[in-house]
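# Descriptive analysis of the structure
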Amino acid sequence: MLKVFYRLSDKSRFYPGYTWEKCFVNFINNFNPDNMVIYADNCEPATLNRLNQLIPQNKFEIKITNYGNALGFYKCAEEAKDTMQDNDIAYFVENDYIHRKNSKEALEEFFNIIDPDYVTLYDHPDKYWPAIYNAKQNKYCKYYESEHYNGMLQNLWSKIYCFKYGYWRTTSSTCMTFACTIKTLKDDFSIIEQYTKTYGADRPQDYLMCEMLRKKGKLIYNSIPGYAGHTSMLSPNIDWNNV
């Protein structure tokens, strides 16, 4: 079973051209989830009313919370760990992502064939700098000019897979929109807890979490090109305006 844990918040920041509603409708149409719980965190009544209008026939459960970003993710992971079976797949989704057609089929296919640790549909453009991005011209690159990120990417090698729904690679890190089995989630829960609930920051420390998972021997995979895009920094080589 694949279950989606979708996190929605009025405190999210959206880049020009995107709104939570646009991303949510895109997800419903393109990923077409069968089983989903929505964590509506720090949402205004107008947002909750609109959300209920967008859900087809009240198909999905809505949980109204006030956790914030990091603790909100932890609570989603905790629910998945405590209520799902070891072979089930939890897909954690942030509300500022858009998805392409067949994204669910691609994700399910990869889990069925590889039995992976962690999988993201997001092909983060930081894996390709400076080859396709000029940090001096792209304002979104400035953060990644630090030694912290350069050290992560200088010697990045990937193993490539090819299946019916496209190509995949091993990667070094991802953001907080990813999938894993409950067995994997349970095995690594102390690490996930450390960099979400315990760390003390409002934002999950995604890179540090991935670094610790890799040190433990876990592998992270992403589709190439991305079946999903983070609207603040979209995956390369996809016309996201027509997704």
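Remember, predicted model here, so these are calculated numbers, not experimental data.

### Overview of the overall build of the chain
Helices and strands together make up the secondary structure of the chain, namely eight helices and 11 strands. Split into buried and exposed, the 243 residues of the chain put 53% on the buried side. Counting only contacts in the chain whose residues sit at least 6 apart along the sequence, the fraction spanning at least 24 positions is 78%. Just so you have it, the chain exposes about 11900 Å², and 46% of that area is on carbon and sulfur atoms.

### Describing the nonpolar core
Counting 41 residues, the largest nonpolar core has Tyr-6, Phe-24, Met-36, Ile-38, Tyr-91 and Leu-107 as its most contacted members. Contributing elements (two or more residues each) for this core: strand S1 (2–9), helix H1 (20–30), strand S2 (36–41), helix H2 (45–54), strand S4 (89–94), strand S5 (97–99) and helix H4 (103–114). The element best represented in this core is H1, accounting for five residues.

### Digging into the pattern of salt bridges
On inspection of all chains with the given rule, the structure shows 14 salt bridges. Residues Lys-3 and Glu-79 are paired through a salt bridge, measuring 3.9 Å at the closest nitrogen-oxygen approach. With Lys-3 in strand S1 and Glu-79 in helix H3 (residues 69–83), this pair connects stretches of sequence that are 76 residues apart. Both residues of the pair, Lys-3 and Glu-79, count as buried. A salt bridge links Asp-188 to Lys-218; the shortest N-O distance between them is 2.7 Å. In this pair, Asp-188 is assigned in the loop between helix H6 (182–187) and helix H7 (189–198) and Lys-218 in the loop between helix H8 (206–215) and strand S10 (220–224), connecting sequence segments 30 residues apart.

### Considerations on the confidence of the model for the chain
Scored by pLDDT, the chain comes out at a mean of 89, with 89% of its residues at no less than 70. Contacts from residues 131–152, a stretch scored under 50 in pLDDT, to residues over four places away or in other chains number 31 contacts.

### A few points about the side chain of Glu-94
The topology assignment puts Glu-94 in strand S4. Within polar-contact distance, the side chain of Glu-94 engages the backbone nitrogen of Met-176 at 3.5 Å. Within the structure, the side chain of Glu-94 is placed 2.8 Å from the side chain of Thr-177, a separation counted as a polar contact. Excluding anything up to four places from it in sequence, Glu-94 contacts Tyr-6, Arg-7, Cys-175, Met-176 and Thr-177.

### Regarding H8
Residues of H8 that are buried include every one of Asp-206, Tyr-207, Met-209, Cys-210 and Leu-213, and no others. All buried residues of H8 lie within an arc of 160° about the axis, which places them on one face of the element. Gly-217 sits one or two residues past H8 and shows a positive phi near 100°.

### Notes on the pairing of strand S3 (residues 61–65)
Judged from the five bridges that link them, S2 and S3 form a sheet pairing that is parallel. Looking at S3, one finds that Asp-41 is bridged to Thr-65. Of the crossover connections in this fold, the one passing from S2 over H2 to the parallel S3 is right-handed.

### Digging into the environment of Lys-183
Within the secondary structure, Lys-183 sits in helix H6. Given the relative accessible area of 56%, Lys-183 is considered exposed. Here the alpha-carbon distance between Lys-183 and Asp-117, two residues 66 residues apart in the chain, equals 9.3 Å.

### Some remarks on the side chain of Lys-104
Within the element layout of this structure, Lys-104 appears in helix H4. Separated by 2.7 Å, the side chain of Lys-104 and the backbone oxygen of Asn-32 make a polar contact. Ignoring sequence-local partners within four residues, the contact set of Lys-104 consists of Leu-2, Phe-31, Asn-32 and Asp-34.

### Here's the deal with unusual backbone geometry
The amide bond that connects Ile-224 to the next residue, Pro-225, takes the cis arrangement and shows omega of -10°. Positionally, Pro-225 belongs in the loop between S10 and strand S11 (228–230). Of note in the backbone geometry, Asn-237 takes a positive phi value of approximately 65° without being a glycine. Following the sequence through the fold, Asn-237 ends up in the segment after S11.

Cut-offs and rules
- Residues numbered from 1 in each chain as written.
- Predicted model: local features only at pLDDT ≥ 70, side-chain atom pairs only at ≥ 80, totals over all residues.
- Heavy atoms only, no water.
- Helix = DSSP H or I, 4+ residues; strand = E, 2+ residues; numbered from the N terminus.
- Buried < 20%, exposed > 50% of the residue type's maximum accessible area, 1.4 Å probe, protein only.
- Contact = heavy atoms within 4.5 Å.
- Areas by Shrake-Rupley, 256 points an atom, 1.4 Å probe, with all protein chains shown as cover.
- Core = buried A, V, L, I, M, F, W, Y, C linked by side-chain atoms within 4.5 Å.
- Salt bridge = Lys/Arg side-chain N within 4 Å of Asp/Glu carboxyl O.
- pLDDT = per-residue confidence, 0-100.
- Polar contact = N/O pair within 3.5 Å; in protein donor to acceptor, adjacent residues only side chain to side chain.
- Arc of directions from axis to C-beta.
- Pairing = 2+ DSSP bridges.
- Right-handed = clockwise from strand over helix to strand, strands pointing away.

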